[in-house]
Amino acid sequence: MQKATLSLNGQTHELPLVVGTEGEVGIDIRKLRATTGAITLDPGYGNTGSCESAITFINGEEGILRYRGYGIEELTEKSSFLEVAYLLIEGELPTKAQLDRFRHRLTYHSLLHEDMKKFFEGFPPSAHPMSVLSTIIASLSAYYPENNDPADVELNIIRLIAKIKTIAAFAYKKSIGQPYIYPRNDLSYTGDFLHMMFAVPSETYEVDPLVENTLDKLLILHADHEQNCSTSTVRMVGSSGASLFAAISAGVSALSGPLHGGANQAVINMLERIRQDGANYRKYVEMAKDKESGFRLMGFGHRVYKNFDPRARVIKAAADQVLERLGVDDPLLDIAKQLERVALEDDYFIERKLYPNVDFYSGILYRAMGIPTNMFTVMFAMGRLPGWIAQWKEMHNDPNTRIYRPRQIYVGPNARPYVPIEARE
Ligand code: CMC
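Just so we're clear, the structure is a prediction, and the values are computed from it rather than from any experiment.

### Some words on the packing of helix 14 (residues 310-326) against helix 17 (residues 358-368)
Running from N to C, helix 14 and helix 17 cross one another at 20°; their axes reach a closest spacing of 8 Å. Relative to helix 17, the element helix 14 is oriented roughly parallel. Every pair of crossing elements has a handedness; the one defined by helix 14 and helix 17 is left-handed. Note on element contacts: helix 17 touches helix 14 through Val358, Tyr361, Ser362, Ile364, Leu365 and Ala368, opposite Arg311, Ala312, Ile315, Lys316, Ala318, Ala319, Val322, Leu323 and Leu326. Split by residue class, the contact of helix 14 with helix 17 holds twelve nonpolar, one polar and two charged.

The structure is reproduced here in C-alpha cells:
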C-alpha cells in the first residue's frame, strides 16, 4: 500500500493514501491526532476531503464535471432533469419503466398539505423566497415524520422533489400577492413549475416549450457539484441523524449566500448597477481589482475551477441561442460580455485564474425566461436538490459515517481566574 511520510518533532509517521477511481490522491489522516497529537489546519477546507463519494467527479484544472461518470455536456444535450435526478440518487440511468414510475410518483406527490398555506400567509410580502423555501422544507418533517425504514425514507425523497416546485411557485405567488396555482398532472416537471409560477386564474397559460426545455437544461447543470458549501452543510446536518428535511433546509440556507448560489441574483444586481452608472464596466473591473473597495465581480472565480467552469460554457452557448429565439434584447447581456472580455484580458484576473462561473450567464437566461431576480437562487436550489439528496443518502447508508465534528486550533486567552465585577476596569 502506498503511504505518505510525515516528519514531526523528529519523529517519522507513515500515513496511508487513498486513491480515487480518477487517480486523485488523498492522505488519510484519520489516525493523525491519536498517533502524533497534531491536527491539520485548513480554514475553508480547500485541501480537506470530507468523504469518499461515488456521485460527482470534478477536475477543476481541466474543466471536467461528471455525474456518475457521465459528462454534463452530454447529459444536458441528451437527457432530462428527471433522468439526471434518478441517476444521481439511484446511481444508474433509469430504464424506461423506472423513469415512468419515477415521473408518475413525482407527479402524484406534488400537492402541499392545505394547512401549509397558512405558513405562506404568515410571511411578509417582502420575504426572500429562499427564506420561505428553507422554512417550508424544514416544516415538512412535521407532516412526514421520518424513521429509518428505507421505504419511508424513499417516499420522503419523492415527496421532497415533487413538492419543491410547488413550494417555490407558492413562495413567488405569495410575494406578488397572486392566488396560488395548483400543480397540474398533465405537465412535465419544469412545465408544471412554469405553469404554477406564471398562470393566473383569469387566463389560459401555455407553457413555451423553449423555456421549458431551457429550464430543464439549467436544472441539469446545477444538479450536483460534489462537496460545495451547501452540500457539505447537508452532509454535516445529516451526520447528526437529523431528518432529511432538516438537512436539505439547512442546505437551502447555505446556498442563499452571495458567494454561493446567491451569486446569480448578485450578478444581475451588479449588471443593473453598472447599466445605471452609464454602462461604465471598466470602472467596475478596476474596483474589483482594488481590495479596499470591497467589491468583487460577481459571477467570476471559483474555488475548484481554475481554467473554465464547464457549466458556464454550456450556458453561454445556450444564452446566445435562446435570447435570439425568444427575441430578447437585453442590455445587461452586452454589459456581461464586455465585462467578461475585459476581465479575461486583464492580468489581475489571468494571474488569479478568475473565469466566469455558472452564475455569470444563468441570470441572463433566467431573466430572458421571465423568472424574477429574487427567484434565481430558488432555481439553483431546485436544480441542486437531487444532488443534495444523493449526497445525503450516500452518507446515510454508509455504515462508516461518523458525526461531522472538525477540530480547531485555539488561539484565545489561557486559563485565568474570574474577575469580580467591582474589580473590572
Ligand atoms: N472578483 C475580484 N477578485 C476576486 C474574485 C472576484 N469575483 N474572486 C476571487 N478574487 C480574488 C481574491 O481577492 C483573491 O485575490 P488575492 O490572491 O490577491 O488575495 C484571489 O482572487 C483568490 O480568491 P479567494 O477569495 O481566495 O478564492 P476562494 O476560492 O476562496 O473563493 C469564490 C471562490 C467563488 C467565493 C470567489 O471567487 C468569489 O467571491 N466570487 C464571486 C462570487 C461568485 O460568483 N460565487 C459563485 C460561485 S459558482 C456557484 C457556486 O458553486 O456556488
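### Re the packing of helix 3 (residues 81-90) against helix 4 (residues 96-107)
Their axes nearest at 10 Å, the elements helix 3 and helix 4 cross at an angle of 105°. With respect to their mutual orientation, helix 3 and helix 4 come out roughly perpendicular. Along the contact surface, helix 3 presents Leu82, Glu83, Ala85 and Tyr86, while helix 4 presents Gln98, Leu99, Phe102, Arg103 and Leu106. Looking at the contact of helix 3 with helix 4, its residues break down into six nonpolar, one polar and two charged.

### Quick word on the pairing of strand 2 (residues 11-19)
Taken together, the six bridges between strand 1 (residues 3-8) and strand 2 define a ladder with antiparallel strand orientation. Paired with leucine 8 across the two strands is glutamine 11, which belongs to strand 2. The antiparallel hairpin formed by strand 1 and strand 2 contains two residues in its connecting segment, where asparagine 9 sits at a positive phi of about 50°. Sheet topology places strand 2 next to strand 3 (residues 25-27); three bridges connect them, and they run antiparallel.

### Structural notes on the side chain of aspartate 224
Of note, aspartate 224 is situated in the loop between helix 9 (209-222) and helix 10 (229-239). If we ignore the near neighbours within four places in the chain, the residues touching aspartate 224 are Ile55, Thr56, Leu65, Tyr67, Leu88, Thr231, Arg384, Gly387, Trp388 and Gln391.

Scoring rules and cut-offs
Residues numbered from 1 in each chain as written. Predicted model: local features only at pLDDT ≥ 70, side-chain atom pairs only at ≥ 80, totals over all residues. Heavy atoms only, no water. Axes fitted to C-alpha atoms, helices over the stretch in contact; angles between N-to-C directions. Helix = DSSP H or I, 4+ residues; strand = E, 2+ residues; numbered from the N terminus. Parallel < 35°, antiparallel > 145°, perpendicular 65-115°, else oblique. Left-handed = near helix turned anticlockwise from the far one by under 90°. Contact = heavy atoms within 4.5 Å. Nonpolar A, V, L, I, M, F, W, Y, C, P; charged D, E, K, R; others polar. Pairing = 2+ DSSP bridges.

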